[in-house]
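So the chains spell out like this:
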Amino acid sequence: MKQWIYPLLIVFAASCYGILSTIIKLAIQDGYTAAEAVTSQYFVGFFIALLIFVIVRHKVPKFGGGVTLLLAGLFTATTGTVYGQAIEYMPASLAVVMLFQFTWVGMLFDCIAKRRLPKRIEVISLLFLFGGTILAAGIIDADLSGIPWQGWAWGMASAISFASFVMINSRQVEGMDTETRLLFTSFFAAIAIFFFQTPEIVWNGTLFSGGLWVYGLILGLFGIVIPIYLFSIAVPKVGTAMTSILSAAELPVAVTASVILLSEALTTFQVIGIIIIVIGMTLPTIAQRRLKYRS
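Residues numbered from 1 in each chain as written. Predicted model: local features only at pLDDT ≥ 70, side-chain atom pairs only at ≥ 80, totals over all residues. Heavy atoms only, no water.

Draft legend 1. Molecular detail of the overall build of the protein chain. Scanning the protein chain from N- to C-terminus turns up 15 helices and 0 strands. Taken over C-alpha atoms, the radius of gyration comes to 19 Å for the protein chain, in line with the 19 Å a tight globule of 295 residues would show. Judged by the C-alpha coordinates and their principal axes, the protein chain covers about 55 × 50 × 35 Å. Looking at the protein chain alone, contacts between residues at least 24 apart form 86% of all its contacts between residues at least 6 apart. Carbon and sulfur atoms make up 68% of the accessible area of the protein chain, which totals about 14,300 Å². Across the protein chain, 17 positive and 13 negative side-chain charges occur, with their mean positions spaced 21 Å apart. (Helix = DSSP H or I, 4+ residues; strand = E, 2+ residues; numbered from the N terminus. Rg over C-alpha atoms; globule rule 2.2 N^0.38 Å. Contact = heavy atoms within 4.5 Å. Areas by Shrake-Rupley, 256 points an atom, 1.4 Å probe, with all protein chains shown as cover. Lys, Arg positive; Asp, Glu negative; His and termini not counted. Charge placed at Lys NZ, Arg CZ, Asp CG, Glu CD.)

Laid out in structure tokens, this is it:
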């Protein structure tokens, strides 16, 4: 596979995450709670991963890469959980900004792991991403004085959790195919959600008696199966730092989805912010290609 395809896989995987908040809002409008929607996402996502494994592999899964897959599943579950807690204490737009701190947290993790300083182009890219996020999230005129410390803490926890998920996915598991890795990661995520959210929807009939399964199917595909599958392929090739930058694609998609599906207003500042984010995402890739051509 050509090297340029891996960054595109990261962008597509991150874009899948971008539609989740809008789908959850639609589920809430349909009478379900956010916890029920999130729980359906992880349980349906696991069953989809199991179905994919059975169809593709036709064998009993062989477990491997213990701690790596356990942590990948755990951080998948905790990111959604703590992000939901942050929304309880602060506006969703501000919670998004806090989540997007994963860009510099992920780069910090990569620098510590590789014992290096951030590259100049990485720092410039992060500045673009941070400024674009502030504009795109629409919090320029927001009053932040009434936000309790719990909101900031949960928001920062979501950033650290997602950055940890990205870093864990940069580890390759020798001898394990992508379908098996997806199966075990989604399984451990579902187990973690069993303790964090509302697992009773599975046995009390809520998941299958109404339309919740439809939301679970969409959320499971775009929140579990597709991003985990693509991250498992691309992150080891791209690296933690670059993945953190490219994953900023999530916010423009989130804003666009809310405009299309929820009829939310799109301001000029948000459009400018989205453009700045796209510039910040592409700067490292452009710089790498120029260095390659020069060499």
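Draft legend 2. Quick look at the side chain of T22. As for its placement among the helices and strands, T22 is situated in helix α2 (residues 20-29). Each residue touching T22, except ones within four places of it in the same chain, is listed here: A254, A257, S258, L261 and L262.

Draft legend 3. Spatial organisation of the layout of surface pockets. Volume-wise, the largest pocket comes out at about 1,100 Å³. If you trace the largest pocket, you find 44 residues lining it, with L20, S21, I24, Y83 and I87 closest to the centre. If one sorts the elements of the lining of the largest pocket by residue count, helix α4 (residues 66-89) sits on top with 10 residues. Split into classes, the residues belonging to the lining of the largest pocket amount to 25 nonpolar, 15 polar and 4 charged. (1 Å grid on protein atoms, 1.4 Å probe; cavity = no way out; pocket = protein on both sides within 12 Å on 5 of 7 lines; lining within 4 Å. Points joined across faces, edges and corners; volume = space filled by probe spheres on them. Nonpolar A, V, L, I, M, F, W, Y, C, P; charged D, E, K, R; others polar.)

Draft legend 4. Up close: empty space enclosed by the protein. Following the criterion strictly, the structure yields 1 cavity of 30 Å³ or more and no others. Counted as a void, the largest cavity has a volume near 40 Å³. Lining the largest cavity are F100, Q101, T103, W104, L129, F130 and T133. A per-element tally of the lining of the largest cavity places helix α7 (residues 120-136) first, with 3 residues. Among the residues making up the lining of the largest cavity, the classes are represented as 4 nonpolar, 3 polar and no charged.

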